[in-house]
Structures are given as structure tokens and as C-alpha cells.
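Inside the fold
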Amino acid sequence: MVGIKVLATNKKARHDYFIDEVYECGIELKGTEVKSIRQGRINLKEGYASVENSEVFLKQVHISPYEQGNRFNVDPLRVRKLLLHKSEIRKLIGATTIKGYSLVPMRMYLKNGKVKLELGLAKGKKLYDKRQDLAKKDAMRRIERESKDRY
């Protein structure tokens, strides 16, 4: 992809959830947070998003304080507003009220100089679902290995 630099990914999201839809959204940040994100000092693993009063907020995402930020640094775990279209927010309100659906941050990246977040509408996996996925991956790896040996 041209013009996109991935800064952080949430590898656990695809392992723990079935991702139904993916939304690209902007994020409301302070200046020192942007500088810290550009350095890759962000953790999406524990993060989630919630819809409150027709607005979407990102919670529990840790952005480390910028080292040269002194008094301009903010709380690393503060709640951040996500920027989505009204129609997308309405869809998310409808989907999150259905049992089992949640909003999970997938990855954060720079697109044309702006920080964007990929937000996934997800349904939780059970333990046996995770085992099935691991078995499929293992089988595909084995097939690829054997096909390489034959040629």
C-alpha cells in the first residue's frame, strides 16, 4: 500500500475474535502523543472501543509519554475520541447492542501524514475455535513444507 506506514498491530485480535467488519477511523490526539506514536511507542493489546452518546471512544490503549514532552505529556491510558462518519456510528451502535459483539483496535498506521486506526467489529472466539484455527494453520504449514520437498 502506497502512503501507509504501519506503526502498531494487535496480533491477539485475530486470535481472540472473529472479525466481521473493519472500519478506518481518525483519532483525536495531542501533539506529544503523535510524536510518541511515530516512534512506535504504543500498545493496542488491551484496548477496546465503546459507543457512548453517539460518539466512539478508544479505551485502555497505552501510548507512552514522549521523552522530550515535559509538561505537555498527558496520561498514557487516557480515553481518546475516534472520528467516524455518523452512518458508521449508527451501524456500530446497532451491532454492539447485539450480544457478543465488541469493537477491537486492529492496527494503527500513518496515512498521508495522519494517524489512523483500523477498528474491527468482532465476536469473541471460544477455546475450541482457537484450537481449530491453530490446527488449520499447522496443516497448511505441513502441506507447504511437503510440496517444497517434492520439487
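Residues numbered from 1 in each chain as written. Predicted model: local features only at pLDDT ≥ 70, side-chain atom pairs only at ≥ 80, totals over all residues. Heavy atoms only, no water.

As a reminder of what qualifies: UniProt positions are given in the numbering used here, feature names are shortened, and annotations may be inferred rather than shown by experiment.
In the annotation of an unreviewed UniProt entry, the protein chain is listed under the name SsrA-binding protein and assigned to Peptostreptococcus anaerobius. Word for word, the UniProt comment on the protein chain under Subcellular location (unreviewed entry) is "Cytoplasm". Listed in UniProt under the heading Sequence similarities (unreviewed entry), the comment for the protein chain reads: "Belongs to the SmpB family."

**Considering the pattern of salt bridges**
Defined as follows: Any carboxyl oxygen of Asp or Glu within 4 Å of a side-chain nitrogen of Lys or Arg constitutes a salt bridge here. Only DSSP runs of H or I with at least four residues qualify as helices, and only runs of E with at least two residues qualify as strands; both kinds are numbered from the N terminus onward. Note on exposure labels: buried denotes an accessible area under 20% of the residue type's maximum, exposed denotes more than 50%, and partly exposed covers the range between, all computed with a 1.4 Å probe on protein chains only.
Applying the stated rule across the entire model yields eight salt bridges. A salt bridge links Glu 24 to Lys 111; the nearest nitrogen and oxygen atoms lie 3.3 Å apart. With Glu 24 in strand E2 (residues 17-27) and Lys 111 in strand E8 (residues 101-111), this pair connects stretches of sequence that are 87 residues apart. For Glu 24, a relative accessible area of 36% corresponds to the partly exposed category. Its salt-bridge partner being Arg 80, residue Glu 33 comes within 2.9 Å of it at the nearest N-O pair. Placement of the pair is Glu 33 in helix H2 (residues 31-38) and Arg 80 in strand E7 (residues 80-83), with a sequence separation of 47 residues. Residue classification places Arg 80 among the buried residues on the basis of a relative accessible area of 1%. Overlapping salt bridges bring together Glu 33, Arg 78 and Arg 80 as one network.

**Description of the nonpolar core**
Let me state the cut-off plainly: Among buried residues, those of type Ala, Val, Leu, Ile, Met, Phe, Trp, Tyr and Cys that are joined through side-chain atoms within 4.5 Å constitute a nonpolar core. We call two residues in contact whenever any of their non-hydrogen atoms come within 4.5 Å of each other.
Judged by nonpolar contacts, the single largest core of 25 residues is most densely connected at Ile 42, Val 56, Leu 82, Met 108, Leu 117 and Leu 119. Sorting the residues of this core by element identifies strand E1 (4-9), E2, strand E5 (55-59), helix H3 (86-97), E8 and strand E9 (114-124) as the ones contributing at least two each. Ranked by residue count, the leading element in this core is E9, at four residues. Residues in contact with Val 56, not counting those within four places in the same chain, are Ala 49, Ser 50, Val 51, Arg 80, Lys 81, Leu 82, Leu 84, Ile 89, Leu 92, Leu 103 and Leu 119. Residues Ala 13, Ile 19, Met 106 and Ala 122 belong to the second largest nonpolar core, which totals five residues.

**Re unusual backbone geometry**
A positive phi angle is found at Ser 54, which is not glycine, with a value near 60°. Along the chain, Ser 54 turns up in the loop between strand E4 (48-52) and E5. Phi at Asn 112 is positive, roughly 55°, even though this residue is not glycine. Here Asn 112 is to be found in the loop between E8 and E9.

**Observations regarding H3**
To keep things clear, this is the line we draw: One fewer than the residue count of a helix, multiplied by 1.5 Å, yields its expected span.
An ideal rise of 1.5 Å per residue puts 16 Å on 12 residues; H3 measures up with 17 Å between its terminal C-alpha atoms. At its buried positions, H3 is contacted by E2, E4, E5, E8 and E9.

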